[in-house]
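Given next are the chains, with one letter for each unit.
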Amino acid sequence: MAVAELPQEQTLVRKQRSLWEESFIRLIRNKVAVVSLLFVFVLAFVAAFANYVAPYDYAEQDLMANNSVPKWMLVILPANAENYVRITDKYPLGADHLGRDILSRVIYGARVSLSFAVVASMVSLIIGTLYGTISGYVGGRADDVMMRIVDFLYAFPFLVVVILLQTYFKALGRASGMTGFGAKLLEINDSMGGMLFLFIAIGLINWIGMARIARGQVLSYKRKEFVEAAHAVGASNSRIIIKHLLPNIIGPLVVAETLAIPGYIFTEAFLSFIGLGVNPPTPSWGIMISEAVPALRSYPNQVLVPAVFLSLTTLAFNFLGDGLRDALDPRMKQ
Amino acid sequence: MSQDNILLRVEKLTKHFPITRGIVIQKQVGAVQAVDKVSFFVREGETLGLVGESGCGKSTTGRTILQLYRPTSGKVYFRDQDLTQLEGEDLRHMRRNMQIIFQDPYASLNPRMSVGDIVAEPLEVHRIGTRKEQRERVKELLNLVGLNPYFINRYPHEFSGGQRQRIGIARALALNPEFIVCDEPISALDVSIQAQVVNLLEELQEQFGLTYLFIAHDLSMVRHISNRIAVMYLGKVVELAERNELYANPLHPYTQALLSAVPVPDPVVERQRQRIILQGDVPSPVNPPAGCRFHPRCPLAQEICSQEEPEWREIAPDHWVACHLV
């Protein structure tokens with residue numbers, strides 16, 4: 001009962017792909033992004049199974065072997081290092097000033113850095129998307145009020161707020177006599193090596209940028225005709241948001257979030273570096289660098305190892321974000 | 001007013017978009033009077049053409065009728081049911097009877113959904129049939145609009161403009177509506193494709209007894225498809241008549257000017273054709289002229305035109321016009 005004269009033959013037989021599949025194919029073709037992705041995966045795997053992968057426990061000490069290095073490492077140490085350094089092959093990347101295995105600490109530190117990257121980005125992605133989508137979709141006065149709140153929060157210097165929050169949380173930790181919910185939180189925080197409060201501090205701040213991006217995206221899509229068509233059909237608001245808006249706006253949000261991850265990792269490292277991050281002896285790349293700095297001249301390897309991992313991870317996330325952006329941006333499509 | 005099988009009756013429909021100033025504490029400083037006290041009706045099974053230049057409120061009228069914009073005032077009766085009073089579930093239920101086809105076939109399909117999901121959405125929203133029955137219905141609909149049912153798993157970016165418009169039509173037909181607003185459905189298409197889509201719309205109308213409100217600015221296309229034509233100017237319907245009557249005997253000066261702009265495909269006639277060139281620009285709908293909205297540009301304007309708003313009256317059977325001079 002075809003009424004129009006369009007040819008009905010099936011000449012075009014090719015695989016049907018959604019935009020997601022096409023994006024994925026574009027991502028796979030991007031070598032740098034794939035290498036970065038693999039690096040992140042390997043790092044995540046190592047971090048997740050740190051107990052099995054790491055040769056020693058992160059807090060295990062051998063004070064007789066403190067500041068020791070394996071023989072090959074002498075190349076990166078100062079020329080006269082042989083005179084003062086302890087050479088032992090017990091630790092593949094040497095030991096720190098307390099005689100703890102640097103490799104094991106870097107591996108456990110990856111756990112902190114990566115879980116921080118994952119949790120911070122998830123928290124800010126979820127809160128930000130939710131907040132921004134609602135604000136943009138509802139529009140009008142609600143949008144104004146919600147966005148002014150965001151502007152207000154944005155006006156605070158980010159690091160200062162995080163530092164203040166961390167100081168406050170740490171002070172809470174030292175103060176005795178906490179009961180109920182607060183005590184419970186402190187307990188959880190201690191068992192996580194001080195990471196919980198770090199998550200909260202970062203989570204409270206970082207969703208703001210996401211909310212703005214999400215709102216902008218929603219605004220650009222909500223007047224599109226396909227959204228109007230959904231209204232005309234009688235689709236509910238939640239259906240329109242979930243089925244029509246979110247799939248279209250999630251791409252740029254994920255890209256922005258991936259590109260923000262290095263920032264989170266750096267923030268954690270920075271806070272740990274100044275002593276407001278995780279609690280010792282929980283290793284984090286920032287703490288390791290911070291602890292090794294006093295002996296930088298004599299034992300540069302103790303700074304270099306975590307710094308290299310930090311840089312590589314940051315680079316990997318940056319490349320991955322770039323790759324994702326190229327893959328998800330329809331304008332890049334040939 | 002003739003009462004024969006009127007499907008849709010629009011009474012003094014008005015849509016003003018507020019212009020606000022200020023952050024958080026907002027103050028309304030004016031309104032874009034996109035549609036202002038528009039009245040007409042559409043008979044069952046007919047096509048009412050709605051023409052007018054860009055920005056005159058054609059699309060807003062169509063969307064306000066469908067309650068995609070809630071009207072500022074006025075009534076829209078669909079089979080004696082006032083749509084403007086409906087809310088929530090009742091309105092949703094009524095939407096099964098009225099659908100819309102959009103102008104831009106690139107913006108009107110969600111790029112993240114497959115054709116099958118797009119066409120099945122109305123069925124899903126109204127919970128009609130099982131998943132399998134919906135698939136069958138979608139295939140049937142694709143066939144109906146001249147698309148291969150094999151395309152069901154494809155995505156919009158794999159189609160041409162004309163094919164996308166057919167997908168949009170299939171979606172509009174999914175719920176078996178009685179009334180469809182065609183919002184410039186062919187303006188964005190190539191001329192060769194326009195004819196195909198118009199023919200498709202006509203055949204579907206015949207087959208299902210559809211009623212169309214056909215919004216367009218292509219006068220010859222409107223003449224071809226419409227039974228009656230309404231002419232809009234700056235948020236007002238200025239004239240409405242049966243199509244041959246309107247083209248043969250345009251009464252409103254604006255209609256006359258508009259029709260004189262249509263080229264005639266006959267060099268002899270074309271050479272003698274007198275164009276009425278209007279002076280000036282369309283005034284802003286934020287601050288429309290008092291009295292007859294057309295008076296500042298009207299070649300025949302008189303004293304009264306700038307003072308009193310002309311009444312919308314039936315000057316001859318089925319020929320409505322709003323002008324003091326006729």
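Keep in mind that this is a model prediction, so the values were computed, not measured.

## A word on the overall build of chain A
1) Next: For chain A, the count of helices and strands is twelve helices and two strands.
2) Next: Along chain A, from the amino end to the carboxyl end, the secondary structure elements read α-α-α-β-β-α-α-α-α-α-α-α-α-α.
3) Next: Over its C-alpha atoms chain A spans a radius of gyration of 25 Å, topping by over 25% the 20 Å that the globule rule assigns to 334 residues.
4) Next: Overall, the C-alpha framework of chain A stretches about 90 × 55 × 30 Å when taken along its three principal axes.
5) Next: Within chain A, the fraction of its 334 residues that count as buried is 49%.
6) Next: For chain A, long-range pairs separated by at least 24 residues make up 74% of all intrachain contacts whose partners lie at least 6 apart in sequence.
7) Next: When the accessible surface of chain A is split by element, carbon and sulfur atoms take 67% of a total near 16,500 Å².

## Let's talk about the overall build of chain B
1) Next: A tally of helices and strands in chain B yields ten helices and twelve strands.
2) Next: The globule rule puts the C-alpha radius of gyration for 326 residues at 20 Å, and the 21 Å found for chain B is close to it.
3) Next: By its C-alpha atoms, chain B is 65 × 60 × 40 Å across when sized along the principal axes.
4) Next: Taking all 326 residues of chain B together, 55% fall into the buried category.
5) Next: Across chain B, contacts joining residues at least 24 apart in sequence account for 63% of those joining residues at least 6 apart.
6) Next: When the accessible surface of chain B is totalled, it reaches about 14,100 Å², and 48% of it is carbon and sulfur.
7) Next: Positive and negative side-chain charges in chain B, numbering 36 and 39 respectively, have mean positions lying 6 Å apart.

## A word on the sheet that holds strand β6 (residues 98-101) of chain B
Residue and element names in this part refer to chain B.
1) Next: The mixed open sheet is built from eight strands, whose spatial order is β6-β7-β8-β3-β9-β10-β12-β11. For this open sheet the edge positions go to β6 and β11 (313-316), each flanked by a neighbour on one side alone. Each neighbouring strand pair of the sheet contributes to a mean axis angle of 20°, computed without reference to strand direction.
2) Next: Pairing between β6 and strand β7 (residues 179-183): four bridges, direction parallel. Opposite M98, over in β7, you have F179 as the bridge partner.
3) Next: In the packing of helix α5 (residues 161-173) onto the sheet, the strands contacted are β6 and β7, and the crossing angle to β6 comes to about 175°.

## Some thoughts on the state of the cysteines
All names here are of chain B.
1) Next: What the rule picks out here adds up to zero disulfides over all chains.
2) Next: Note on C298: no disulfide assigned, nearest cysteine sulfur contributed by C305 at a separation of 6.1 Å.
3) Next: The thiol sulfur of C305 is not disulfide-bonded, and the nearest other cysteine sulfur, from C292, lies at 5.9 Å.

## With respect to the interface of chain A and chain B
1) Next: Each side of the interface is counted separately: chain A has 41 residues, and chain B has 46 residues.
2) Next: Surface buried jointly by chain A and chain B totals about 4,100 Å² across both partners, of which 51% is contributed by carbon and sulfur atoms.
3) Next: Where chain A meets chain B, there are five salt bridges.
4) Next: K243 of chain A is paired through a salt bridge with E124 of chain B; the nearest N and O atoms lie 3.9 Å apart.
5) Next: Inspection of the region where chain A meets chain B yields 14 residue pairs in polar contact (both at pLDDT 80 or more).
6) Next: Where the side of chain A that touches chain B is concerned, the elements lending two or more residues are α1 (19-29), α5 (140-154), α9 (225-233) and α10 (237-273) of chain A.
7) Next: Among the elements that line the side of chain A that touches chain B, the one with the most residues is α9 of chain A, at eight residues.
8) Next: Here the residues of the side of chain A that touches chain B sort into 18 nonpolar, nine polar and 14 charged.

## Quick look at the pattern of salt bridges
1) Next: Considering all chains together, one arrives at 29 salt bridges over all chains under this definition.
2) Next: Across the salt bridge formed by R239 of chain A and E124 of chain B, the nearest N and O atoms sit 3.1 Å from each other. One end of the pair, R239 of chain A, is in helix α10; the other, E124 of chain B, is in helix α3 (residues 115-125), on a second chain.
3) Next: For R239 of chain A, a relative accessible area of 16% corresponds to the buried category.
4) Next: Of the residues examined, E124 of chain B reaches a relative accessible area of 22% and is grouped as partly exposed.
5) Next: As a salt-bridge pair, D117 of chain B and R131 of chain B come within 3.6 Å of each other at their nearest N and O atoms. With D117 of chain B in helix α3 and R131 of chain B in helix α4 (residues 131-144), the pair connects residues that are 14 residues apart, well separated along the chain.
6) Next: Accessibility expressed as a relative area gives 22% for D117 of chain B, which makes it partly exposed.
7) Next: Within the structure, one salt-bridge network assembled from shared partners comprises R239 and K243 of chain A together with D117, E121, E124 and R131 of chain B.

## Here's the deal with unusual backbone geometry
Residue and element names in this part refer to chain B.
1) Next: In this structure, K12 is a non-glycine residue whose phi angle is positive, near 45°.
2) Next: Inspection of the secondary structure assignment puts K12 in strand β1 (residues 6-21).
3) Next: A positive phi angle, near 65°, is found at D318, a position not held by glycine.
4) Next: Here D318 is to be found in the loop between β11 and β12 (319-321).

## Points about a nonpolar patch on the surface
Residues and elements named next belong to chain A.
1) Next: A cluster of nonpolar residues, V32, W72, V75, I76, L304, V308, L312, L315 and F319, forms a patch on the protein surface that exposes about 810 Å² of accessible area.
2) Next: Per element, the largest residue contribution to the nonpolar patch is five residues, and it comes from helix α12 (residues 300-328).
3) Next: By secondary structure assignment, the location of V308 is in helix α12.

## Here's the deal with the environment of S284 of chain A
Residues and elements named next belong to chain A.
1) Next: Note that S284 resides in the loop between α10 and α11 (285-292).
2) Next: Once the C-alpha coordinates of S284 and A110 are considered, the two residues, 174 residues apart in sequence, prove to be 7.1 Å apart.
3) Next: Those residues within four positions of S284 in sequence are excluded, and the remaining contacts are G109, V112, E268, S272 and V278.
4) Next: A polar contact of 2.8 Å, which involves the side chain of S284, links it to the side chain of E268.

Calculation notes
Residues numbered from 1 in each chain as written. Chains lettered and ligands numbered in written order. Predicted model: local features only at pLDDT ≥ 70, side-chain atom pairs only at ≥ 80, totals over all residues. Heavy atoms only, no water. Helix = DSSP H or I, 4+ residues; strand = E, 2+ residues; numbered from the N terminus. Rg over C-alpha atoms; globule rule 2.2 N^0.38 Å. Buried < 20%, exposed > 50% of the residue type's maximum accessible area, 1.4 Å probe, protein only. Contact = heavy atoms within 4.5 Å. Areas by Shrake-Rupley, 256 points an atom, 1.4 Å probe, with all protein chains shown as cover. Lys, Arg positive; Asp, Glu negative; His and termini not counted. Charge placed at Lys NZ, Arg CZ, Asp CG, Glu CD. Pairing = 2+ DSSP bridges. Axes fitted to C-alpha atoms, helices over the stretch in contact; angles between N-to-C directions. Disulfide = S-S within 2.5 Å. Buried area = accessible area lost by both parts, 1.4 Å probe. Salt bridge = Lys/Arg side-chain N within 4 Å of Asp/Glu carboxyl O. Polar contact = N/O pair within 3.5 Å; in protein donor to acceptor, adjacent residues only side chain to side chain. Nonpolar A, V, L, I, M, F, W, Y, C, P; charged D, E, K, R; others polar. Patch = residues over 30% accessible without salt bridge, like charges linked within 9 Å, V, L, I, M, F, W, Y side chains within 5 Å.

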